[in-house]
Amino acid sequence: MYKFENALINGANGGLGSQFAEELIKCGASKVFVTYRSDTGAGVQSGKLAALIQNYPDRIHPIKADSTKEEGMVEIARVVGEEVSEIHFLVNCVGYLHNSDHGPEKSLRKINEEQFLEAVRVNAFPTVLLAKYFMKLMRHKKEAVFAAISARVGSIEDNRAGGWYSYRGSKAMLNMMLSNIAIEFNRSCPNVKVLALHPGTVDTNLSSPFSKNMDPDHLFTPEYSVKRMMDVIESVDKNPLGAFYAWDGERIPW
Ligand SMILES: NC(=O)c1ccc[n+]([C@@H]2O[C@H](COP(=O)([O-])OP(=O)(O)OC[C@H]3O[C@@H](n4cnc5c(N)ncnc54)[C@H](OP(=O)(O)O)[C@@H]3O)[C@@H](O)[C@H]2O)c1
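None of the values given here were measured: they were computed from a predicted structure. Residue positions within a chain follow its written sequence, with the count starting from 1. It should be noted that, the model being predicted, local features are given only for residues of pLDDT at least 70 and side-chain atom pairs only at 80 or more, the latter also being counted only at that level, while totals for whole chains, interfaces and linings use all residues.

Caption draft 1: The overall build of the chain, seen in detail. Helix numbers and strand numbers start at the N terminus; a helix is a DSSP run of H or I with at least 4 residues, a strand a run of E with at least 2. Each helix and strand counted, the chain has eight helices and seven strands in total. Relative to its length of 254 residues, the chain is compact, with a C-alpha radius of gyration of 17 Å against a globular reference of 18 Å. Along the three orthogonal principal directions, the C-alpha set of the chain runs to about 50 × 40 × 40 Å. A burial count over the chain gives 43% of its 254 residues as buried. A radius of gyration in this sense is built from C-alpha atoms; the matching globule rule multiplies 2.2 Å by the number of residues raised to 0.38. Buried, partly exposed and exposed are defined by the number of other C-beta atoms within 10 Å of a residue's own C-beta, namely 20 or more, between the two limits, and 12 or fewer respectively, with C-beta atoms placed from the backbone.

Have a look at this one:
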């Protein structure tokens, strides 16, 4: 059973983020910092994050900030740094595929500047900021994990279907950022495993418009997906170059 003392879940309002927070609490983490950007996200609506905050006031530390902006990450680092001097588990769960203005582009005709840049900002930038502002707290003697929820569609080698330009491109960028972060962390904080994770198709806000006709056996609950990803996190060896894994332990090419 994995045991991480201090954890930071970025994007804990979301389906996967709130589940990671719950899982870390169940596994005995002493302090779980949970970030969220507004009081209206899915986790708040479903009540999961709110219930965790209410039920574990001494162990769950909510931080309201927009982690896609540098000033938001500075605030997150300030609050965490006032409470602890080490972080042992960090996962970024912020990401987006569609919003009220845009859905994934099926063809080049649908590409637009706003959506493209927003995808990079939301899907790739928070992980870079997390690495920048938390490298110091991850430099210690204990085992540690720095992970981000990527997506299989971000793998260049695995791309057979095309489409979803902004999402694919921004997840490919996220993967490259993780590969770079792994190399720098290996020099600066060699105790840290750096991982990109594919959660499978999970029943959350992000997947809901695309999962209606899916075989229910292939649509995971957040509970199932997060448990499987935690097993992967625990079982894989540290790779000094970082690595990309699916929920079932399959190694995905970058
Ligand atoms: N669900 C799947 O099938 C699936 C598959 C592959 C990869 N993933 C990846 O898993 C990660 C978590 O997604 P999820 O399934 O848990 O979806 P979700 O429930 O929609 O959660 C998405 C998270 O990202 C935050 N977010 C979205 N847009 C944002 C923005 N513009 N600025 C700041 N924060 C923003 C959300 O905050 P609010 O709660 O405030 O909106 C929420 O915390 C994402 O990176 C996604 O790409 C999911």
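Caption draft 2: Molecular detail of the sheet that holds strand 6 (residues 192-198). Here the rule is simple: two strands pair whenever DSSP picks up at least two bridges between them. One open sheet holds the seven strands; their spatial order is 3-2-1-4-5-6-7, and the pairing between them is parallel. Only two strands of the sheet have a single neighbouring strand rather than two, namely strand 3 (60-64) and strand 7 (243-246). When the angles between neighbouring strand axes are averaged without regard to direction, this sheet yields 20°. Pairing of strand 1 (residues 6-10) with strand 2 (residues 31-36) involves four bridges; the strand directions are parallel. Residue pairing across strands places leucine 8 opposite phenylalanine 33, the latter belonging to strand 2. Note that contacts rest on C-beta atoms placed from the backbone: two residues are in contact if these are within 7 Å. Interaxial angles span 0 to 180 degrees and are taken between N-to-C directions of axes, which are lines fitted to C-alpha atoms, for helices over the stretch in contact. In this fold helix 8 (residues 222-235) packs onto strand 5 (144-149), strand 6 and strand 7, with an angle of close to 145° to the strand it touches most, strand 6.

Caption draft 3: Representation of helix 3 (residues 48-55) in the model. When we look at burial in helix 3, the residues that qualify are Lys48, Leu49 and Leu52. One side of helix 3 holds all its buried residues, which, seen down the axis, span an arc of 100°. As used here, the arc belongs to the directions running from the helix axis to the C-beta atoms.

Caption draft 4: Focus on the environment of alanine 182. Examined against the element boundaries, alanine 182 turns out to sit in helix 7 (residues 165-188). A tally of 22 C-beta atoms within 10 Å means that alanine 182 is categorised as buried. Between the alpha carbons of alanine 182 and lysine 238 there is a distance of 9.8 Å; along the sequence they are 56 residues apart. Sequence-distant contacts of alanine 182, defined by excluding residues within four places in its chain, comprise Val194, Pro240, Leu241 and Gly242.

Caption draft 5: Main features of the nonpolar core. Nonpolar cores are identified as sets of buried Ala, Val, Leu, Ile, Met, Phe, Trp, Tyr and Cys residues joined via C-beta atoms within 7 Å. Of all hydrophobic cores here, the largest spans 61 residues; its most connected members are Ile9, Ala21 and Phe146. Excluding residues within four positions of it along the chain, isoleucine 9 makes contact with Gly17, Phe20, Ala21, Val32, Val34, Val91 and Cys93. Counting six residues, the second largest nonpolar core, distinct from the first, contains Leu97, Ala119, Tyr167 and Leu206.

Caption draft 6: Fine view of the pairing of strand 5. Among the six residues in strand 5, six count as buried, and that is most of the element. Because side chains alternate across strand 5, one face comprises the buried residues Ala144, Phe146 and Ala148, and the other comprises Val145, Ala147 and Ile149, equally buried. Note that strand 4 (residues 89-92) and strand 5 share four bridges and pair parallel. Along strand 5, the bridge assignment pairs leucine 90 with phenylalanine 146. By the bridge criterion, six bridges tie strand 5 to strand 6 in an arrangement that is parallel. Counterpart to isoleucine 149 in the pairing with strand 6 is leucine 197.

Caption draft 7: Structural detail: the packing of helix 5 (residues 113-123) against helix 7. Contact geometry of helix 5 with helix 7 gives a least axis separation of 9 Å together with a crossing angle of 35°. At the point where helix 5 passes helix 7, the crossing takes the right-handed sense. Facing Gln115, Phe116, Ala119, Val120 and Asn123 of helix 5, the residues of helix 7 in contact are Ser166, Tyr167, Gly169, Ser170, Lys171, Met173 and Leu174. Only Asp, Glu, Lys and Arg are considered charged, only Ala, Val, Leu, Ile, Met, Phe, Trp, Tyr, Cys and Pro nonpolar, and every remaining residue, Gly among them, polar. Here the contact of helix 5 with helix 7 is composed, by residue class, of six nonpolar, five polar and one charged. In this scheme, a crossing is called left-handed if the near helix is turned counterclockwise away from the far one by less than a right angle; it is called right-handed if the turn is clockwise.

As far as function goes, none of this settles anything; it's purely spatial.
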